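The residues making up each chain are set out below.
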Amino acid sequence: MLPAPDLRDALDAYVNELFAPEDDVLKEIQARADANDLPSISIKPFEGRLLQFLLQSIGAKKVVEVGGLAGYSAVWLARGLPADGQIYVVEKSSKHAGIVRETFEKAGLTGRAHVLEGDALIMLSKLTPHGPFDFVFIDADKQSSPHYFDWAVRNLRDGGIVAIHNAYRHGTVLDPQTADDYAVNDINRAVAARSDLFATIVGVGDGLLAAIKRPAG
Ligand SMILES: C[S@@+](CC[C@H](N)C(=O)[O-])C[C@H]1O[C@@H](n2cnc3c(N)ncnc32)[C@H](O)[C@@H]1O
């Protein structure tokens, strides 16, 4: 039986209250996003906590995010790292990139949170020399996710994790209709078939496709 939406929302709120309460910095990011007419498509607090859980489970220090919007998920990620951790956010829109920079300043993350402005299809290669990375979070244009994912696997350390947001795509993976629906379904299936990764979809929020890079050989 599919969970009733109201029950799901109530359970998400319960997790938020117990494990992921937002402080003023996080609330202010959402207010800044609204004031700048950005869409309400950030991760939810309980998803931010899941990302932090994954980061801490592998002792992550160096993270890449593809798709920054206003920096909400990036702050969750940055706060899941040790004090000497580094996060690199790749964001195509100059408007969004500017807001992410402002977010990092207000969150006290200057010096360890970096914004790369431009199309991730181009910008990720500029990040390669800074790798290998412990964790890559992909939350941008769905049809390019396979390119970002392949870059991530090449540039992760063994035991590192690559995760893609919206693996359920609001349920449409069960009956894809649009090109984006098919793109998400295709990458879920492609990742499931790879023997160099240990992967699953964590059924939290809109689903998080998460894959650990296995050591070669
Ligand atoms: C869903 S939003 C990211 C939300 C953010 N991760 C959060 O939860 O707070 C997607 C972002 O990806 C950016 N984006 C879309 N295509 C991109 C590309 N080719 N390269 C880099 N960023 C891209 C958009 O401008 C947008 O800011």
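In the block above lies the structure referred to throughout.
Now for a description of the structure that goes with this document. (Residues numbered from 1 in each chain as written. Predicted model: local features only at pLDDT ≥ 70, side-chain atom pairs only at ≥ 80, totals over all residues. Heavy atoms only, no water.)

Description of the site of the ligand
Our working definition: Working definition: residue near molecule or strand if any one of its non-hydrogen atoms lies within 4 Å of it. For this analysis, a polar contact is any N or O atom pair within 3.5 Å, provided that within protein one partner can donate a hydrogen and the other can accept it, and provided that sequence-adjacent residues contribute only side-chain to side-chain pairs. Areas reported here follow the Shrake-Rupley algorithm with a probe of radius 1.4 Å; residue values treat only the protein chains shown as occluding. Numbering of helices and strands runs from the N terminus; a helix is a DSSP stretch of H or I covering at least four residues, while a strand is a stretch of E covering at least two.
If you check the shell around the ligand, you find 21 residues, and the closest are Ile 43, Ser 73, Glu 91, His 96 and Asp 139. Note that a nitrogen atom of the ligand is positioned 3.1 Å from one of the backbone N or O atoms of Lys 92. Protein coverage of the free-state accessible area of the ligand, which is 610 Å², stands at 90%. Looking at the shell around the ligand, the elements that each hand over two or more residues are helix H4 (72–79) and strand S2 (86–91).

Regarding the sheet that holds strand S5 (residues 156–165)
Condition: For two strands to pair, DSSP has to find at least two bridges joining them. Only the stretch in contact is used when fitting a helix axis, every axis being a line fitted to C-alpha atoms; angles between N-to-C directions are given from 0 to 180 degrees. Throughout, a residue-residue contact means that at least one pair of heavy atoms, one from each residue, lies within 4.5 Å.
The seven strands lie next to each other as S3-S2-S1-S4-S5-S7-S6, forming an open sheet whose pairing is mixed. In this open sheet, the two edge strands, each paired with only one partner strand, are strand S3 (113–117) and strand S6 (197–202). Direction aside, neighbouring strands of the sheet carry axes that sit 15° apart on average. Here S5 runs beside strand S7 (residues 208–213); their pairing, made up of five bridges, is antiparallel. Within S7, the position partnered with Ile 161 by the bridge is Ile 212. Sheet strands touched by helix H5 (residues 94–106): S2 and S3. Its angle to S3, the strand with the most contacts, is close to 170°.

Notes on the pattern of salt bridges
Basically, it comes down to this: Salt bridge, as used here: a side-chain nitrogen of Lys or Arg that lies within 4 Å of a carboxyl oxygen of Asp or Glu. Partly exposed describes any residue whose relative accessible area lies between the buried limit of under 20% and the exposed limit of over 50%, with all areas from a 1.4 Å probe on protein chains only and scaled to the type maximum.
Following the criterion strictly, the structure yields 11 salt bridges and no others. Two residues, Glu 117 and Arg 101, come together in a salt bridge whose shortest N-O distance is 3.2 Å. Placement of Glu 117 in strand S3 and of Arg 101 in helix H5 is noted, with a sequence separation of 16 residues between them. In this structure Glu 117 comes out as partly exposed when scored by relative accessible area, which is 35%. Taking relative accessible area as the criterion, Arg 101 reaches 38% and is therefore assigned partly exposed.

Some details on the side chain of Lys 142
This is how the line gets drawn: For the purpose of counting charges, residues Lys and Arg are taken to be positive, whereas Asp and Glu are taken to be negative. His and the chain ends are not included.
Structurally, the position occupied by Lys 142 is in the loop between strand S4 (133–138) and helix H7 (145–155). Buried Lys 142, no salt bridge; nearest opposite-charge side chain is Asp 139, N-O distance 4.0 Å. With sequence-adjacent residues up to four places away left out, Lys 142 is seen in contact with His 165, Asn 166, Arg 169, Asp 180, Ala 183 and Val 184.

Taken by themselves, the reported measurements are silent on function.
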